[in-house]
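Spelled out, the chains give:
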Amino acid sequence: MPRAKRSKQYKRLMNQYEINFGFREPYQVLCDSQFLEAAIRSKMDIDHILKATLHGSTKLLITQCSMRWLYARKDEPSIKAVIEFAKEKVERRRCGHHPSDYTEPLQEIECLHSVVDPAKNGVNKHRYVCAINDDELRASLRNGIQVVPLLYIRRSVLIMEPASATTTKARSRDEKAKFTAELKSSAVKRKRQPEDTDDEDDAGAGARAENGAGKEKTEQTQTKPEKKKKKAYGRKEPNPLSVKKKKKEEGLERIAKKAAETSGVDEAEQKPDTEAQPETTGEASGRKRRRKHKSKAAASTAEQDGDNLAETVAGDP
């Protein structure tokens, strides 16, 4: 498998562990003695390779029993470098198997199982990532404990195993539990229908009537929760200021104007001599009437007409 494709698969797998099971950085990588031995033999930069594989910061751990097994093999030439590396760069994880209580170190299978699953209920309580090169130990962790990311070294390559069957079962079980919990919560929070509330109110009123308390009716009306008005959804009416007036109203207004104009004309015809009244009438009515002054040309023509009439009258026998 190409390196880039493998890296994408590892990143996707760690994202699933983070989202579904709560793994967080820095990842606690619990290793055994064989894993450290293979890494030193292959001259691998373990810290850098672990960060590149898990796509995050890491913390390398080893148990006291694993260190005791390394010290038991200190006479071997290749183990001295492993012990020195473990002393300097690997954090010691206390497993509770003290040398005063255990004269010989426990087998790494028992020790690592007790650290990863202290309650012995098949759960990775502290969310360890196990770097194990022992095939038997890795198989026991894969099949016996849920949600354990497993790493191992083959031919100087760090490989991460896909999620085990127990891990996939645990993930599906958690998803089902979340789904059922959401359904239960939605059923509890469901709003009561108005028919149910009316039935409950009627039942309460009957119980109060049997007790014979007259004041309880008023209390019932007071204790009834006010029903909220539901918002009317749908098409809203237009702004009345931006809407033209209806034709009927316009027609009525036009008719009223015409009637007013016709009444004004009739009044003017009935009283034609109102303008010829003296100034006293205007003073009596409280309004000043304007006089209409004739122009000079009209006055001169009127005088000539008068003279002509006078001459004709004088000339007649």
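About the cut-offs
- Residues numbered from 1 in each chain as written.
- Predicted model: local features only at pLDDT ≥ 70, side-chain atom pairs only at ≥ 80, totals over all residues.
- Heavy atoms only, no water.
- Helix = DSSP H or I, 4+ residues; strand = E, 2+ residues; numbered from the N terminus.
- Contact = heavy atoms within 4.5 Å.
- Buried < 20%, exposed > 50% of the residue type's maximum accessible area, 1.4 Å probe, protein only.
- Lys, Arg positive; Asp, Glu negative; His and termini not counted.
- Salt bridge = Lys/Arg side-chain N within 4 Å of Asp/Glu carboxyl O.
- Polar contact = N/O pair within 3.5 Å; in protein donor to acceptor, adjacent residues only side chain to side chain.
- Phe/Tyr/Trp six-rings, centres within 6.5 Å; stacked < 30°, edge-to-face > 60°.
- Lys NZ or Arg CZ within 6 Å of the ring centre and 35° of its normal.
- Pairing = 2+ DSSP bridges.
- Right-handed = clockwise from strand over helix to strand, strands pointing away.

Peer 1: Explanation requested: the environment of E161 in the structure shown.
Peer 2: The topology assignment puts E161 in the loop between β6 (157–160) and α8 (165–188). Separated by 19 residues in sequence, E161 and R142 have C-alpha atoms that sit 9.6 Å apart. If we ignore the near neighbours within four places in the chain, the residues touching E161 are L13, R138, R142, L150 and Y152.

Peer 1: Please clarify how the side chain of R68 should be interpreted in this entry.
Peer 2: Here R68 lies in helix α4 (residues 64–72). Of the side chains bearing the opposite charge, E104 lies closest to the buried R68, which forms no salt bridge; the N-O distance is 7.9 Å. Within the structure, the side chain of R68 is placed 3.1 Å from the backbone oxygen of Y102, a separation counted as a polar contact. Look past the residues within four positions of R68 in its chain and what remains in contact with it is H97, H98, P99, Y102, T103, E104 and P105.

Peer 1: Explain the packing of aromatic side chains to me, please; I cannot follow it from the model alone.
Peer 2: Two measures describe an aromatic ring pair: the distance that separates the ring centres and the angle between the ring planes. What the rule picks out here adds up to two aromatic pairs. Arranged with centres 6.2 Å apart and planes meeting at 45°, the rings of Y17 and F21 form a pair that is tilted. One end of the pair, Y17, and the other, F21, are both in helix α1 (residues 3–21), four residues apart, so they sit about a helical turn from each other. Overall, the relative accessible area of 13% leaves F21 in the buried class. Residue placement shows R138 over the ring face of Y152; its charged tip is 4.3 Å from the ring centre.

Peer 1: Where do I start with the pairing of strand β4 (residues 128–131) in this structure?
Peer 2: Of the two faces of β4, the one holding Y128 and C130 and the one holding V129 and A131 are both buried throughout. Relative to β4, strand β1 (residues 27–31) runs parallel, the two being bridged by four bridges. The residue bridging Q28 from the neighbouring strand is Y128, located in β4. Where β4 meets strand β5 (residues 150–154), two bridges bridge the pair, whose relative direction is parallel. Bridging across to β5, A131 finds its partner in L151. Note on the crossover from β4 through helix α7 (residues 135–144) to β5: the handedness is right-handed.

Peer 1: Would you mind going over the environment of I40 with me for this structure?
Peer 2: As for its position among the elements, I40 is in helix α2 (residues 33–41). Along the sequence, I40 and V82 sit 42 residues apart, while their C-alpha atoms lie 6.4 Å from each other. Not counting chain neighbours up to four residues away, the residues in contact with I40 comprise A81, V82 and F85.

Peer 1: Whenever I open this one, unusual backbone geometry confuses me. Can you help?
Peer 2: The bulk of non-glycine residues show a negative phi, and the bulk of peptide bonds are trans. For the peptide bond that leads from E25 to P26, omega is -5°, which places it in the cis range. Counting through the fold element by element, P26 comes out in the loop between α1 and β1. A positive phi angle is found at K120, which is not glycine, with a value near 60°. Exposure remark for K120: the relative accessible area of 74% places this residue in the exposed category. Even without being a glycine, R155 presents a positive backbone phi close to 55°. Position of R155 relative to the elements: it lies in the loop between β5 and β6.

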